[in-house]
Amino acid sequence: MRKRFLAIAAFTVTLIAGYGGYTVLRGSFWETDTPLLISSGPINLLDDLDTGNVGHGWKERTFLRVTPTRYRLNKEDGVPTLRCSTDNSGSILARDTDIALSDLPILSWQWKVIVPISSTIPEDTESGDDHPLRFYLQFSNGTGETKGAEIIWSNRKYTSGDYKIIGSFPHLVANGLDENVGVWHDQTVDLRQLYIDIGGTGTPQLEVLGFFCDSDNTGAESDGYFRNIVLSPDL
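Heads up: these notes are all about the structure in this document. Only a predicted model underlies this, so the values are computations on that prediction, with no experimental measurement involved.

Turning to the environment of Asn175, a few remarks are in order. Along the polypeptide, Asn175 turns up in strand β12 (residues 169-176). Classification of Asn175 by relative accessible area gives buried; the value is 13%. A polar contact of 3.3 Å, which involves the side chain of Asn175, links it to the side chain of Asn180.

Pasting the structure below:
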């Protein structure tokens, strides 16, 4: 996805074309009246998602002249499952959150790619930066500093634990490659460590968590699933 980032000065928000992910402060596009808050115990991200009527703390960011990703929430084996399908398309579907990483630092989930990105364009370039499945995250530390990151399914180049950096924007590779297509994979990421890895300081809050599945740079197609996406205390 050819991403835009929001530059915020005083009370002006200017959309600037170019790579750099989304550097978004609270009070911007993702803010809602119903952020996801910690209550008691783990939180399942899909519990309040309705892809037929996006709202209640959820928003979808679409892009000029780009067809949106098709996000559909269904059930597979009785489990709520988000299907993410692209065809030369891309958009971000994300939840406004307000959760201290000290309370719920562990992100765990299952995902399965059934149609991977097929392209000869290197994925470590802006023009090849498409992934069939990925999370989009944004953090703040309470002093006005924000950090963004993505957790991705790599197409060909990277293996689990690698970081892909385009411009200055970090992508943590959790899984990927064609040999892992077609089966469910259990994944866990400590968001505290991710925040440190991307240069975060202070006491972090998770402000945005969602999905960014795309194929518009390469013009490819992709298809895959997420389920059992949980924020939880220390393991």
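On we go from here.
Here the focus is the pairing of strand β10 (residues 146-154). The element β10 is extensively covered by neighbouring structure, given that eight of its nine residues are classed as buried. Pairing analysis gives seven bridges linking strand β9 (residues 134-140) to β10, with the strands arranged antiparallel. Paired with Tyr136 across the strands is Glu150, a residue of β10. From the end of β9 to the start of β10, which pair antiparallel, there are five residues, and Gly142 there has a positive phi angle of about 85°.

Considering all chains together, one arrives at 10 salt bridges under this definition. Residue Arg95 is joined to Asp48 by a salt bridge in which the shortest nitrogen-to-oxygen separation is 2.7 Å. A residue pair is termed long-range when its members are at least 10 positions apart, and Arg95 in strand β7 (residues 90-100) and Asp48 in the loop between β3 (43-44) and β4 (58-61) qualify at 47 residues. A residue is classified by how much of its surface remains accessible, and Asp48, at 24% relative accessible area, is partly exposed. Across the salt bridge formed by Lys157 and Asp124, the nearest N and O atoms sit 3.7 Å from each other. Highlighted residues: Lys157 in the loop between β10 and β11 (163-166) and Asp124 in the loop between β8 (106-115) and β9, separated in sequence by 33 residues. In the salt-bridge network here, residues are joined through shared partners; they are Asp129, Arg134, Glu150, Lys164 and Asp214.

Cut-offs used in this document
- Residues numbered from 1 in each chain as written.
- Predicted model: local features only at pLDDT ≥ 70, side-chain atom pairs only at ≥ 80, totals over all residues.
- Heavy atoms only, no water.
- Helix = DSSP H or I, 4+ residues; strand = E, 2+ residues; numbered from the N terminus.
- Buried < 20%, exposed > 50% of the residue type's maximum accessible area, 1.4 Å probe, protein only.
- Polar contact = N/O pair within 3.5 Å; in protein donor to acceptor, adjacent residues only side chain to side chain.
- Pairing = 2+ DSSP bridges.
- Salt bridge = Lys/Arg side-chain N within 4 Å of Asp/Glu carboxyl O.

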